[in-house]
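# Observations on the three-dimensional arrangement
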Amino acid sequence: MKTHALTTSGNRGSSLIEAVIAMGVLSIAIPLVFGAIAESGKSGMSAEAETRSTWIVPACMEEIQASRDGKSRFFTTTAVSQVFPPAGEIWALGFSAEGKPVGKATKNLYDKGTREIDGTPVRYIASLSSAVTTPTPEEAEAKPGMTPMLRTRITLEYPATSPAEKRQKLEFYTRIP
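Residues numbered from 1 in each chain as written. Predicted model: local features only at pLDDT ≥ 70, side-chain atom pairs only at ≥ 80, totals over all residues. Heavy atoms only, no water.

It is worth spelling out unusual backbone geometry at this point. Omega for the peptide link from Phe-84 to Pro-85 comes to -5°, which places this bond in the cis form. Relative to the helices and strands, Pro-85 is located in the loop between α1 (16-68) and β1 (91-95). Here the residue pair Tyr-158 and Pro-159 is connected by a cis peptide bond, since its omega of -15° sits within 30 degrees of zero. Mapping Pro-159 onto the fold places it in the loop between β6 (149-158) and β7 (168-176). Even without being a glycine, Ser-81 presents a positive backbone phi close to 70°. Structurally, Ser-81 is set in the loop between α1 and β1. According to the relative accessible area criterion, Ser-81 is partly exposed, its value standing at 27%. (Helix = DSSP H or I, 4+ residues; strand = E, 2+ residues; numbered from the N terminus. Buried < 20%, exposed > 50% of the residue type's maximum accessible area, 1.4 Å probe, protein only.)

In structure tokens, the structure reads:
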């Protein structure tokens, strides 16, 4: 009679060490994956804001010119070379997701954030300000009577629902007489 030896497999299951190593790998990988997903969302919002800025910045410049012409829909009238916003005011406009102006954001809405202005959803807030730049001595000597320029700053902030200090910001500068 022949007897057969029982053969046992060497891989009957996972050891405790293998399980601990697998859990360690997962505990490192999962937060990295979620972090990458969150960053891609921020990148998407940034890309969208940069795209919309091509409509928002010119709309802000048109509103500045309209305030100089006395025809502004949202701001007080200013004169050429007058710094804006006037003391005690904030010039901020809310814009839709498509980059269309929605309305003026009050100081309170600007500081705390808002979902809508006059019932229309707001995704971006653009704040406008200026400061006088005086010509350098060389510029003044080369061009006597040179008109002082205003260094204009338009800051595109998003998302509009966040408080002002927590919003992402894109800044655009230009000079106007």
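Pairs may arise between side chains of opposite charge once their charged atoms sit close together. If you walk through the whole model with that rule in mind, you get three salt bridges. Residue Asp-111 pairs with Lys-107 through a salt bridge whose shortest N-O separation is 3.0 Å. Placement of the pair is Asp-111 and Lys-107 together in helix α2 (residues 107-112), with a separation of four residues, close to one helical turn. For Asp-111, a relative accessible area of 29% puts it in the partly exposed group. Arg-167 is the partner of Glu-157 in a salt bridge, and the nearest nitrogen-oxygen pair spans 2.7 Å. Remark: Arg-167 occurs in the loop between β6 and β7 and Glu-157 occurs in strand β6; sequence separation between them is ten residues. Judged by its relative accessible area of 5%, Arg-167 falls in the buried class. (Salt bridge = Lys/Arg side-chain N within 4 Å of Asp/Glu carboxyl O.)

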